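Summary of structural features
What follows is each chain in one-letter form.
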Amino acid sequence: QVQLVESGGGLVQAGGSLRLACAASRRTFSTYFMGWFRQAPGKEREFVARISWRSGTSYYADSVKGRFTISRDNAKNTVYLQMNSLKPEDTAVYYCATSTTGVVTTGSYDYWGQGTQVTVSS
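Rules and cut-offs
Residues numbered from 1 in each chain as written. Predicted model: local features only at pLDDT ≥ 70, side-chain atom pairs only at ≥ 80, totals over all residues. Heavy atoms only, no water. Helix = DSSP H or I, 4+ residues; strand = E, 2+ residues; numbered from the N terminus. Rg over C-alpha atoms; globule rule 2.2 N^0.38 Å. Disulfide = S-S within 2.5 Å. Buried < 20%, exposed > 50% of the residue type's maximum accessible area, 1.4 Å probe, protein only. Salt bridge = Lys/Arg side-chain N within 4 Å of Asp/Glu carboxyl O. Contact = heavy atoms within 4.5 Å. Polar contact = N/O pair within 3.5 Å; in protein donor to acceptor, adjacent residues only side chain to side chain. Pairing = 2+ DSSP bridges. Axes fitted to C-alpha atoms, helices over the stretch in contact; angles between N-to-C directions.

Notes on the overall build of the chain
Within the chain one finds 0 helices and 11 strands. Moving toward the C terminus, one meets the helices and strands of the chain in the order β-β-β-β-β-β-β-β-β-β-β. Relative to the globule expectation of 14 Å for 122 residues, the C-alpha radius of gyration of the chain, 13 Å, shows essentially globular dimensions. With the C-alpha coordinates of the chain rotated into their principal frame, the extents come out at 45 × 30 × 25 Å.

Quick notes on the state of the cysteines
Under the counting rule described, the total for this entry stands at 1 disulfide. Across the disulfide, cysteine 22 is cross-linked to cysteine 96 (sulfur-sulfur distance 1.9 Å). The chirality of the disulfide connecting cysteine 22 with cysteine 96 is right-handed, given an S-S dihedral of about 60°. Residue cysteine 22 is located in strand 3 (residues 18-24), and its partner cysteine 96 is located in strand 9 (residues 92-99); the two are separated by 74 residues in the primary sequence. Both residues of the pair, cysteine 22 and cysteine 96, count as buried.

Thoughts on the pattern of salt bridges
Counted under the stated rule, the structure contains 3 salt bridges. A salt bridge links arginine 38 to glutamate 46, with the nearest nitrogen and oxygen atoms 2.7 Å apart. Looking at arginine 38, the relative accessible area reads 6%, which means it is buried. Among the salt bridges present, the one from arginine 67 reaches aspartate 90, with a minimum N-O distance of 2.8 Å.

Structural notes on the environment of glutamate 46
With respect to the helices, strands and loops of the structure, glutamate 46 is situated in strand 5 (residues 46-52). Here glutamate 46 falls in the partly exposed class, since its relative accessible area comes to 36%. Between the C-alpha atom of glutamate 46 and that of threonine 106, which follows or precedes it by 60 residues, the distance is 7.5 Å. Excluding its chain neighbours within four sequence positions, the residues that come into contact with glutamate 46 are Phe37 and Arg38. Of note is the side chain of glutamate 46, whose polar atom sits 2.7 Å from the side chain of arginine 38.

With respect to the sheet that holds strand 3
Pairing is antiparallel in the open sheet, where 4 strands are placed in the order 1-3-8-7. Two strands in the sheet have a free side with no partner beyond their single neighbour: strand 1 (4-7) and strand 7 (68-73). Geometrically, the sheet is characterised by an average inter-axis angle of 15° between neighbouring strands, direction not taken into account. As judged from the 6 bridges shared by strand 3 and strand 8 (residues 78-83), these two strands associate in the antiparallel manner. When the sheet's bridge partners are listed, alanine 21 is paired in strand 8 with tyrosine 80.

Right under this line is the structure:
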C-alpha cells in the first residue's frame, strides 16, 4: 500500500504564496506520475498539475499555469506544489495522488492523500 501525506496548507492573503508537499511512503514500478488536485466547497474535484518521476516533465491546468510550479525530489519520494499570486478562487482542499498514465482525470489516479486546506482571503 502506498501512503501519501500532504502538508503546507494554511491561511494566506490574496497575492501571497504557499508551498505544499506530498510525501510518499514508497515508489512502485507502476507509479510513473504524481498529480495535485483540489476541491472547493460545493464543487467537484479538479486537476491542478502533474509531474513525471523520471523526466520531471510537468503539466498544468490553465487556471494555475504561470502561478503554480510542481516539482519533485526522487530521493525523498516527495512532490511539491509552489503556489504564487494566490487568489480567493484558489481556496480548496488540495490532494496529491499517484498515476500510471498521467491523464488529467480523477479516475486516472490510484492512491490519494488525505488533503490539506488552503484558504486565500481577500
